[in-house]
Amino acid sequence: MNKRNIIILAVALMAASCTEKINLKLDSTYTRLVVDGHIKSDTMAYVVNLTKTADYFSNTAAPRMVNATVTLTDGTNTFPMTETVPGQSGVYQTVPKFAGVVGKNYTLNISLPEVIAGTTSYTASCQLLAVTKLDSIHVVFNSSEGKNGVWEVDIFAQDPPGRKNYYMLNLYRNNQLWSDTITKVAIFDNQLFAGRYINGAQVFRINNTHLWETLYPGDVIMVELSAITQEYYNFITQVKQIGITIPFFSGPPANVTGNVSNQGVGFFAAYSSSYARTVVK
């Protein structure tokens, strides 16, 4: 056999070895409880969603955790939460006039009608921190950025001195939540301006090419600035990096660190908020 034929044979053998069929068996993971909810210092009804984790390749919605007993406590008072549609929704709600108190630590207590991950009891705790006053916001159109320009939203506020602060921001357009996915929610800490005035920090950039979500003259824009804990800040950062959505209707990945006990996943948050509005010119 000449040298040329040897080379052709070797290449053919390599190609055949590369097309070998390999079957990978992906086992189903064990079920865990998923918690998604928050409270604020604003007076309103707050909800907590309870679901179960689903298999990665499942094409159905994550199962709702119904008929649970859910309460909220601040260490002194206990507030019951009722299922909005008993036995069906898996959504548990406070009374309409509930308002969190700044400085208090709130604990969510969950008792399930069935065992998940070896237990029926779960807790999640979060301190409700004070937020600084959001003085004002500015909305400016920058025509030099992107294909059709971008809208830039800046905030002005005094960062409280003497502590590490973590912030979350949501944007509303004409009373509708614009930052309706985790990728649109803005978060930052005060590392660059600790204890100083936040003089026009850019927090949102809105692509003017996307006609369904851009801004128009006359739109009323509101920014909600919230003071959050470092644990919640880290949680949102991880969720953004992985690219999943909140609420967790499909169940979050197991490697996102939340504050739910007994191997539960998700986060129960407590925070206060400050608001500022402007009209797009």
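Structural data are supplied above this passage.
Note that the structure is a prediction, hence the values are computed from the model and not measured.

Evaluation of the coordinates by the stated rule reveals 10 salt bridges. Of the charged contacts, one joins Glu 224 and Lys 40 as a salt bridge, the two residues approaching to 2.7 Å between their closest N and O atoms. Note that Glu 224 is positioned in strand β14 (residues 220–228) and Lys 40 in strand β1 (residues 33–40), a separation of 184 residues in sequence. As far as burial versus exposure is concerned, Glu 224 and Lys 40 are alike and both buried. Put simply, Asp 74 and Lys 104 hold a salt bridge, and the shortest N to O gap is 3.1 Å. Of this pair, Asp 74 sits in the loop between β3 (69–73) and β4 (78–83) while Lys 104 sits in the loop between β5 (91–93) and β6 (105–116), placing them 30 residues apart in sequence.

As a further point, take unusual backbone geometry. In this structure, Ala 117 takes a positive phi of about 55° despite not being glycine. With respect to the element layout, Ala 117 can be found in the loop between β6 and β7 (119–127). Ala 117 sits in the partly exposed class, given a relative accessible area of 32%. Of note in this structure, Asn 262 is not a glycine but carries a positive phi near 55°. Along the chain, Asn 262 falls in the loop between α2 (230–242) and β15 (265–279).

The next subject is α2. Across its 13 residues, α2 extends 19 Å between first and last C-alpha, which sits within 8% of the 18 Å expected from 1.5 Å per residue. Within the span of α2, buried status applies to Tyr 232, Tyr 233, Phe 235, Ile 236 and Val 239. An end-on view of α2 places all buried positions within 160° of arc, on one side of the element. As for α2, its buried residues are in contact with β10 (166–173), β12 (186–189), β14 and β15.

Across the sheet, which stays open at both edges, the three strands sit in the order β8-β9-β13 with antiparallel pairing between neighbours. Both outer strands of the open sheet, β8 (134–142) and β13 (197–207), are each paired with one neighbouring strand and no more. Taking the axes of each pair of neighbouring strands and ignoring which way they run, one obtains an average angle of 20° across the sheet. Here strand β9 (residues 150–158) pairs with β13 via nine bridges, running antiparallel. If you follow Gln 158 over to β13, its bridge partner there is Tyr 197.

According to the stated counting rule, one finds 12 aromatic pairs in the structure shown. For the pair Tyr 167 and Phe 188, a centre-to-centre distance of 5.2 Å together with 35° between the ring planes defines the contact as tilted. Highlighted residues: Tyr 167 in strand β10 and Phe 188 in strand β12, separated in sequence by 21 residues. The class of Tyr 167 is buried, set by a relative accessible area of 2%. Judged by relative accessible area, which is 15%, Phe 188 ranks as buried. Measuring from centroid to centroid gives 6.2 Å for Tyr 232 and Phe 235, while their planes differ by 15°, and the two rings are stacked. Of this pair, Tyr 232 and Phe 235 both sit in helix α2, separated by three residues, roughly a single helical turn. Here Tyr 232 and Phe 235 have matching classes, each one buried. These aromatic residues form a ring-pair network of at least three members: Tyr 46, Phe 79, Phe 98 and Tyr 106. Taking the ring centre of Trp 178 as reference, the NZ or CZ of Lys 184 above it sits at 4.9 Å.

In terms of burial, β15 is largely enclosed, as 11 of its 15 residues are buried. As paired strands, β1 and β15 are joined by seven bridges and run parallel to one another. What sits directly across from Asp 36, in β15, is Phe 267. In this structure, β14 lies alongside β15, joined through eight bridges in antiparallel fashion. Opposite Val 220, over in β15, you have Val 279 as the bridge partner.

This next bit is on the side chain of Asn 142. Mapped onto the fold, Asn 142 is located in strand β8. For Asn 142, a relative accessible area of 18% translates into the label buried. Engagement of the side chain of Asn 142 in a polar contact is seen with the side chain of Ser 144, the distance being 2.6 Å. With near-sequence residues (within four places) excluded, Asn 142 lies in contact with Gly 149, Val 150 and Glu 152.

Thresholds, definitions, all that
- Residues numbered from 1 in each chain as written.
- Predicted model: local features only at pLDDT ≥ 70, side-chain atom pairs only at ≥ 80, totals over all residues.
- Heavy atoms only, no water.
- Salt bridge = Lys/Arg side-chain N within 4 Å of Asp/Glu carboxyl O.
- Helix = DSSP H or I, 4+ residues; strand = E, 2+ residues; numbered from the N terminus.
- Buried < 20%, exposed > 50% of the residue type's maximum accessible area, 1.4 Å probe, protein only.
- Expected span 1.5 Å × (residues − 1).
- Arc of directions from axis to C-beta.
- Contact = heavy atoms within 4.5 Å.
- Pairing = 2+ DSSP bridges.
- Axes fitted to C-alpha atoms, helices over the stretch in contact; angles between N-to-C directions.
- Phe/Tyr/Trp six-rings, centres within 6.5 Å; stacked < 30°, edge-to-face > 60°.
- Lys NZ or Arg CZ within 6 Å of the ring centre and 35° of its normal.
- Polar contact = N/O pair within 3.5 Å; in protein donor to acceptor, adjacent residues only side chain to side chain.

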